[in-house]
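Summary of structural features
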Amino acid sequence: MSFLKRTYDSIFGAGEAAVTVPPLDGALLPNDALDQAELVTAAAAADNLVRDGERCFFSSGAELFRLDLMDGVTPAGRFDAPISALSADGKGTLAIGLSGKGLVVRGGKHEGRRLSGLPEADAACITAITFDGPDKLFLAVGSSRNRPEDWARDLMERNHLGSVWQVDLATGAARRIADKLGWPAGLLVRKGAGLVVSEAWRHRLIALDDKGRHTVLLDNLPAYPSRLQAGEGGFWLSLFAPRRQLIEFVLREPAFRRKMLKEIDPAHWMAPALSSGKSFLEPLQGGSVKQLGVLKPWAPSRSYGLLVRLNEAFLPEASFHSRADGTRHGITSSLSIGGRVLVTSKGGGAVLSIAADDNRREVA
Amino acid sequence: MMTAPLIELRDVSKDYRGVYAVRNVNFTLNKGEIHALLGENGAGKSTLTKMIAGVTQPSQGQILLDGKPVSFQRPAEALHNGIAMVFQETSLVPSMTVAQNLYLGDEKLFNRLRGLYIAAQQFLSSLNFNVDPWANVSTLGAAQKQLVEIARAVRQKSRVIIFDEPTATLTPEEKHYFFSLVDRLRKDGVSIVFISHALEEALAISDRITILRDGELVASDVTSKFDRDGIIRAMVGRSLSNELYGRKRSDADARPPGPKVLSVENLSMGSMVRNTSFSIYAGQVTGLFGLIGSGRTETAKIIAGVIKRNIFHGGELRFGERSVRYREPRPAMRDGIVYVTEDRKAEGFFETMSIAENIQMGLIASGLQSSSVVTQGEAREVTAEWSKLLQIRAINPNARIVELSGGNQQKVVIAKSLVQKPKLVIFDEPTRGVDVGAIAEIHKVIQDLADSGLAVMVISSYLPEIMVLSDRILVYRMGRVVEEFTPGRATEEKIMYAAVH
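Since we're looking at a predicted model, the values are computed, not measured.

1. Details of the overall build of chain B
- For chain B, the helix and strand inventory stands at 17 helices and 20 strands.
- Seen along its three principal axes, the alpha-carbon backbone of chain B occupies a region of about 70 × 55 × 50 Å.
- Here chain B holds 501 residues, and 46% of them are scored as buried.
- Across chain B, contacts joining residues at least 24 apart in sequence account for 70% of those joining residues at least 6 apart.

If you want it as structure tokens, here you go:
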């Protein structure tokens, strides 16, 4: 039956084969709030902000920085591989995911703890970490085949090889609670209500219970979701790359994709990106063509900046954008402090600050 | 030398039971000029021209033809005096062929069809109109019907031709032929009144422009004195004394969105709906503004399963969690989507049945009736409930729908839809042809539905209505949503600008 449905859909362009992208409207109405946002600091590939008590950290490539809103940025360490995820327990312990290496614990009583039970291929691709109490943490593994920086390849291979693990830091034992996920890239522990995972390749947020069963909280997002952060009276969701019709189309053409992966430079793949518009060799979707030297803000670019505020029911209630004419693309994490929200734009290489209650629906 | 105007209207008014459609308008039409008549829907353009063409008679004031007062009681009389009108809603006989329609009323005692078809063929080709004279009118599309209608008016060799929105349904090529025809007619000394929503057209072809608003004349001058911004301002800049539409909503008044109920993605249907994408949220009124012919109704009908989208790559509709594709309205209605039609006479009710029978029909269609036996008791019960809720007023409860006023008819149509316990209600022009009192009551019903958590979509081409009802405003143009406004950001000028550009 499903074969017949697939065949029918592919002939008529319906269902799975409908190359459609959900519209950015309602609470997701575009604006240029991220481009107007205050620049806290510029840092190439700024990624994953965390707060450890009074201190804030963010990663940038293989380097760890401490961020102080008064005193600025100070280096806080350097690792032998790019940092792919960070988390803090609030009492001085930092859990750090290193691309291709695995989990490193720094500070606190579990310093130097090694994990058991987590296969090497999974440990190489930790995309998000979150503490659940002082001795437990959750890990999101994007894919067992690719490293975190190869996320575009993982998408183009249409892998659903991601998993979520629970780690007991006291023993170092890791237990898998869910697998066959499409690049889980964000984790959030709700007090007494289980774990929320953003599943990027399926563009949705799911809630996982202890046995790994999932319920969908928010579906059909117009971009690939990344890390989640709790804020006052809601949540902040970073979305690192946009869904586009051209890319949705490419994702439905296996032969083309195989050839592209084999023969084309990854920088010029017809795939989403954290930043774009740097080379004339990049693929374009109709509408992104400059006319009279002007790129329209609504152009379907390969990269986009999008941060969404969700209410307690996980429904979008506000959004902050950087469109095709902006540069603050590839939003990977956020952190709410007081009345402000810090945001990392990995594509734009910047840490930004916005007012949390901004009326972001106004396009200036 | 200034010649006397061919037609002159002096202080003409027309009221329907005290409600003025046109009020104290002075209007002149000179020989051999193209006079564009602009205004929003319901501004009184059609009423004004219908008085010239003898379809209706003015309540007050005088119409002068060649300087002599005239009073046409019937369109035929006006036609006899050389005044022809091309109507917006076509007035052709659908069961007759194009040629027969063209020569309708001029047949000899023994009508020779062969000669008729040859003459019609020659005549249509001379106008460059590509319509088959042998075709039955009922098989033609809206645009072709319009062309036949135009050809019929031209054939009468009238001195004055009134075109009521002739170009709304035409393709660019047909428009081109139409405009060259209008130019030819002008050179032959024919006077033309041209009603249009397309401001560019009016600016391009007319000699003079008159703008009406709420039945009153607000501007009238030679075309060179106008530009499009000025026209828009004159068209919408109404006095806000009207209390019904007086309230300006701010963003704070808008209801916060609930869950996304409907997501329309890349929906296409022929040339009317083109790759449109938008969402509808629960607990909100989403207003859909657009000019007539922009594809709003078609989109709504696709959602409700009345018409089908393109079979190849027609896009996706997601209702709740599911991707849906309705091939007929019934499953859509069972899922909780109801569409309250804009054309209630044709699609909304059974006009010779009573109110109770109509409302019960809606109930039976949805399968929500209490037993499989159709009872009068249930009909009475349901009708009493909804008559009270919607304040349907009738002389007696057994009155047939056709005997009711427009407002009450509309309320019956709404009741008939709402008994089906919908999750998404689409109102298409809910207050068209409805009196002022009923408008307020219908607006109240719409607001209450949204307050109770339903998703409501209101399609309207009347700007103040959209402004006063909507929590979100979507603007339709050329078959797709082109702009979204929040109530606080929206102004009439901005919405109109988005709708015509």
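2. A look at the interface of chain A and chain B
- Facing the 18 residues of chain A at the interface are 22 residues of chain B.
- Of the residues that constitute the side of chain A that touches chain B, the class distribution is 9 nonpolar, 5 polar and 4 charged.

3. Some remarks on the domain arrangement of chain B
- Each assigned domain of chain B is listed here: domain 1 (7-236) and domain 2 (243-500).
- The C-alpha centroid of domain 2 of chain B is placed 32 Å from the C-alpha centroid of domain 1 of chain B.

4. What to know about unusual backbone geometry
- Phi angles above zero are rare outside glycine, and Phe314(A) is one such case at about 60°.
- Among the structural elements, Phe314(A) can be located in the loop between strand E19 (305-310) and strand E20 (316-322).
- Phi at Asp11(B) takes a positive value of approximately 50°, unusual for a residue other than glycine.
- By secondary structure assignment, the location of Asp11(B) is in strand E1 (residues 7-16).
- The class for Asp11(B) is exposed, based on 12 C-beta atoms found within 10 Å.

5. Some details on the sheet that holds strand E16 (residues 214-218) of chain A
Residue and element names in this part refer to chain A.
- The sheet built from 4 strands is open, its strands ordered E13-E14-E15-E16 with antiparallel pairing. The sheet is open, and its two borders are formed by strand E13 (184-190) and E16, each paired with just one other strand. On average, each strand axis in the sheet is inclined to that of its neighbour by 30°, with strand direction left out of account.
- Alignment of strand E15 (residues 204-208) against E16, held across 4 bridges, turns out to be antiparallel. Residue pairing in the sheet places Leu208 in a bridge with His214 of E16.

6. Focus: the environment of Ala234(B)
All names here are of chain B.
- Mapped onto the elements of the fold, Ala234 is located in helix H8 (residues 228-236).
- For Ala234, a count of 17 C-beta atoms within 10 Å translates into the label partly exposed.
- Expressed as a C-alpha distance, the spacing of Ala234 and Ala438, which sit 204 residues apart in the sequence, is 28 Å.

7. A look at helix H1 (residues 2-12) of chain A
- Among the 11 residues that make up H1(A), 0 are buried, leaving the element largely open to the surroundings.
- Following H1(A) by one or two positions, Gly13(A) has its phi on the positive side, about 65°.

8. A few points about the nonpolar core
- Counting residues in each nonpolar core, the largest one holds 99 residues, and the members touching the most others are Phe57(A), Leu139(A), Val197(A), Leu239(A) and Val351(A).
- Per element, the largest residue contribution to this core is 6 residues, and it comes from strand E18 (residues 234-242) of chain A.
- Once residues within four sequence positions are removed from consideration, Val197(A) is found in contact with Ala140(A), Val164(A), Leu181(A), Pro184(A), Gly186(A), Leu187(A), Ile206(A) and Leu208(A).
- Leu291(B), Val419(B), Val458(B) and Ile459(B) belong to the second largest nonpolar core, which has 75 residues in total.

9. As for the pairing of strand E17 (residues 424-428) of chain B
All names here are of chain B.
- Summarising burial for E17: 5 of the 5 residues are buried, a large majority.
- Neither face of E17 is exposed, since Leu424, Ile426 and Asp428 on one face and Val425 and Phe427 on the opposite face are all buried.
- Here strand E16 (residues 337-340) pairs with E17 via 4 bridges, running parallel. Across the sheet, residue Val340 finds its bridge partner in E17, namely Phe427.
- Relative to strand E18 (residues 455-460), E17 runs parallel, the two sharing 5 bridges. Each bridged residue has a counterpart across the sheet, and for Ile426 the counterpart in E18 is Met457.

Criteria and thresholds
Residues numbered from 1 in each chain as written. Chains lettered and ligands numbered in written order. Predicted model: local features only at pLDDT ≥ 70, side-chain atom pairs only at ≥ 80, totals over all residues. Helix = DSSP H or I, 4+ residues; strand = E, 2+ residues; numbered from the N terminus. Buried ≥ 20, exposed ≤ 12 C-beta atoms within 10 Å, placed from the backbone. Contact = placed C-beta atoms within 7 Å. Nonpolar A, V, L, I, M, F, W, Y, C, P; charged D, E, K, R; others polar. Domains from an automatic or database assignment. Pairing = 2+ DSSP bridges. Axes fitted to C-alpha atoms, helices over the stretch in contact; angles between N-to-C directions. Core = buried A, V, L, I, M, F, W, Y, C linked by C-beta atoms within 7 Å.

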